[in-house]
Amino acid sequence: MLKSPPMNGHEIRERFLRYFEERGHKRVHSSPLLPANDPTLLFVNAGMNQFKDVFLGDDKREYTRAVSSQKCIRAGGKHNDLDEVGRTARHHTFFEMLGNFSFGDYFKEDAINYAWDFLTGKVEEGKLGLDPAYLWFTHFEGDDNVPADDEARDLWIKAGAKPERVLAFDAKDNFWQMGDTGPCGPCSEIHYYMGEDPDDPEKNRAEHVNAETGDDTIEIWNLVFMQFDKDADGKLTPLPAPSVDTGMGLERVAAVMQGKSTNYDSDLIRPIVDFVASLEN
Ligand code: SER
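Residues numbered from 1 in each chain as written. Predicted model: local features only at pLDDT ≥ 70, side-chain atom pairs only at ≥ 80, totals over all residues. Heavy atoms only, no water.

**Student:** Would you mind going over the pattern of salt bridges in detail, with residue names and values included?
**Tutor:** On inspection of all chains with the given rule, the structure shows 22 salt bridges. Here D149 makes a salt bridge to K108, at a shortest N to O gap of 2.9 Å. Pair noted here: D149 is in the loop between β4 (135–140) and α4 (150–159) and K108 is in helix α3 (residues 108–120), with a separation of 41 residues, a long-range link. The burial state of D149 is the same as that of K108; both residues are buried. Taken together, the salt bridges that share partners define one network made up of E14, R18, E21 and R27. (Salt bridge = Lys/Arg side-chain N within 4 Å of Asp/Glu carboxyl O. Helix = DSSP H or I, 4+ residues; strand = E, 2+ residues; numbered from the N terminus. Buried < 20%, exposed > 50% of the residue type's maximum accessible area, 1.4 Å probe, protein only.)

Set out below in structure tokens:
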């Protein structure tokens, strides 16, 4: 399955940060796990949390593009992975999220082109060198409040994706919001087929994206096209400027890049498990 040389977690993180830094993004440290000033959130659950007020137009930074590797906890609240831990090969209560952000700077087209280029571009050029035959792409199918994001579908195809590998899903999978209130918008995810043979028509297929067969084809990166502020009544107010918030699971990409079928066998977690297993009672 693995076409590129295995890459350790540190190198993947550094490649991601450098790729976006070279494209005008300010490298920002992970914030602490406890949100500084946000009563809607117990633990930081995404890279965008520390930029919430920037998206809302209530805070300004000296940069309009940022990149980070954010420590996250998803063990409660809206994004709660606790019940999945131990049942899947890809969920953790604590993980690192790689993200690039645009605050009213670039929008959908650049976000999609960057993602395509970083994932499928040449390893020698600082990218990941993944084979598009393993990748699936999703976009928002629309609902009563927000129209279908056909633009994202068209942009993936323009970037190089085969039309049959771009799929529409409803708000559960393709409309992202930080919590019950706050910045939100339609999103577009990239999923990876974890099997050996991309030509296997039984396994590498659309029905396995966002499906119960979860660990066979997994989400690796979510691009959120931030456009609204949601209030407690569910009303959506347009943000001052369309923005971008992306999140890529470092442990998942490490498993992909190392040809492992579970994050627990990646170099980011395996040594910890082995160490604990080696301890005597
Ligand atoms: N905020 C989005 C997520 O957590 C993208 O970073 O999936």
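Once the structure has been displayed, the description carries forward.
**Student:** Requested: an account of the nonpolar core, with residues and values cited.
**Tutor:** Core analysis: the biggest nonpolar cluster contains 47 residues, and W156, I190, I220 and W221 have the highest contact counts within it. What I220 contacts, discounting residues up to four positions off in sequence, is L119, L135, I190, H191, Y192, G247, M248, G249, R252, V253 and V256. Ranked by size, the runner-up nonpolar core spans 21 residues in total, among them A46, F55, A66 and F101. (Core = buried A, V, L, I, M, F, W, Y, C linked by side-chain atoms within 4.5 Å. Contact = heavy atoms within 4.5 Å.)

**Student:** Lay out the environment of R270 with the relevant residues and their values.
**Tutor:** Looking at the secondary structure, you find R270 in helix α7 (residues 270–278). In sequence terms R270 and A161 are 109 residues apart; their C-alpha atoms lie 33 Å from each other.

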